[in-house]
Amino acid sequence: MGSPEGRIAHGPIFQLCWVVRDMAGAQREFTERYGVAQWLTIPDVQFGPETTELRGAPADYTITVALGYAGGQQLELIEPRSGVSLYSEHLDRVGPGLHHVAWVPEDFDAALAEAAACGSSILARGTSEGAGMEFAYLDGGAFGSHVELMRLSADMRAMFDYLIPEGYSNPWT
């Protein structure tokens, strides 16, 4: 049984993510209009069927990812490149826009168990062992967007700590 509050995650939102059709254009807009000073862009990130699932079935897709910060808030842009994913489905269904909010729970496994106890469906999940990350996307329910839960290795946390602007900190520090 879940916690009395039914809380899956708590604390600050770690990340807001938009799915985009045009990575360069989206980066330019976020930089010019919203002050994102720097982007880390990782082209052609492959997620394969050995480590990734979409609705319980093996998934195989490629995306380009960009990470930046607006103050202390991490922003992620994802451009689907090939294959079927939650990201490509979003573009097909509603076009570019806010795709998910992400938390990094202290206990990833307990958060997933709580999500199941609360009746939240895991729509997609996977690992990126080379990057030291595990993720699960939950159905966002009434608010429409998805919720991502992330388990980050010490190396991934250090990379994000390196990217955050001076004077801010990520939720785990």
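Definitions and limits used
Residues numbered from 1 in each chain as written. Predicted model: local features only at pLDDT ≥ 70, side-chain atom pairs only at ≥ 80, totals over all residues. Heavy atoms only, no water. Buried < 20%, exposed > 50% of the residue type's maximum accessible area, 1.4 Å probe, protein only. Helix = DSSP H or I, 4+ residues; strand = E, 2+ residues; numbered from the N terminus. Arc of directions from axis to C-beta. Pairing = 2+ DSSP bridges. Core = buried A, V, L, I, M, F, W, Y, C linked by side-chain atoms within 4.5 Å. Contact = heavy atoms within 4.5 Å. Polar contact = N/O pair within 3.5 Å; in protein donor to acceptor, adjacent residues only side chain to side chain. Salt bridge = Lys/Arg side-chain N within 4 Å of Asp/Glu carboxyl O.

A. Geometry of helix H4 (residues 154-163). Residues Met156, Phe160 and Leu163 constitute the buried set of H4. The buried residues of H4 occupy one face: seen down the axis, they fall within an arc of 55 degrees. Away from its buried face, by an angle of more than 90 degrees, H4 presents the exposed residues Ala154, Asp155 and Tyr162.

B. Inspection of the pairing of strand E9 (residues 133-138) at higher detail. The buried fraction of E9 amounts to six of the six residues, a majority that puts the element mostly inside the structure. Every second residue of E9 is oriented toward a common face, with Met133, Phe135 and Tyr137 on one face and Glu134, Ala136 and Leu138 on the other, all of them buried. Pairing analysis gives six bridges linking strand E8 (residues 122-128) to E9, with the strands arranged antiparallel. Residue glycine 126 lies in a different strand from E9, and its bridge partner there is phenylalanine 135.

C. Up close: the nonpolar core. Core analysis: the largest hydrophobic core is formed by 29 residues, its most contacted members being Phe14, Tyr61, Ile63, Tyr87, Met150, Leu152 and Phe160. Of all the secondary structure elements, the ones that give two or more residues to this core are strand E1 (15-19), strand E2 (39-47), strand E5 (61-70), helix H2 (86-94), E8, E9, strand E10 (146-152) and H4. Top contributing element to this core by residue count: E5, with five residues. Contacts of methionine 150, omitting those with residues within four sequence positions, involve Phe14, Ala102, Trp103, Val104, Pro105, Phe108, Met133 and Glu134.

D. Here's a closer look at the pairing of E1. What you see with E1 is a clean split: Gln15, Cys17 and Val19 sit on the buried side and Leu16 and Trp18 on the side with no burial. Relative to strand E6 (residues 73-82), E1 is paired through five bridges, and the arrangement is parallel. Considered in E6, the bridge of leucine 16 is made with leucine 75. Inspection of the sheet shows E1 paired to strand E7 (residues 97-103) by five bridges, in the antiparallel sense. Residue cysteine 17 lies in a different strand from E7, and its bridge partner there is histidine 100.

E. A look at the environment of methionine 23. Inspection of the secondary structure assignment puts methionine 23 in helix H1 (residues 23-34). Judged by relative accessible area, methionine 23 falls into the buried class, the value being 6%. Put simply, methionine 23 and glutamate 79 are 56 residues apart on the chain and 6.2 Å apart in space, counted from C-alpha to C-alpha. Contacts of methionine 23, omitting those with residues within four sequence positions, involve Thr64, Val65, Ala66, Leu77, Ile78 and Glu79.

F. Examining the side chain of glutamate 79 more closely. Looking at where glutamate 79 falls in the secondary structure, it is placed in strand E6. Assessed through its relative accessible area of 12%, glutamate 79 is described here as buried. For glutamate 79, the side chain forms a polar contact with the main-chain nitrogen of methionine 23, separated by 3.2 Å. Residues in contact with glutamate 79, not counting those within four places in the same chain, are Val20, Arg21, Asp22, Met23, Ile63 and Thr64.

G. Inspection of the pattern of salt bridges at higher detail. Under the counting rule described, the total for this entry stands at seven salt bridges. One salt bridge connects arginine 125 with glutamate 134, and the closest N-O pair in it is separated by 3.8 Å. Overall, arginine 125 belongs to the partly exposed group, its relative accessible area being 27%. Each member of the salt-bridge network shares a partner with another, and the members are Asp109, Arg125, Glu134 and Arg151.

Honestly, that's just the spatial picture; any functional story needs more than this.
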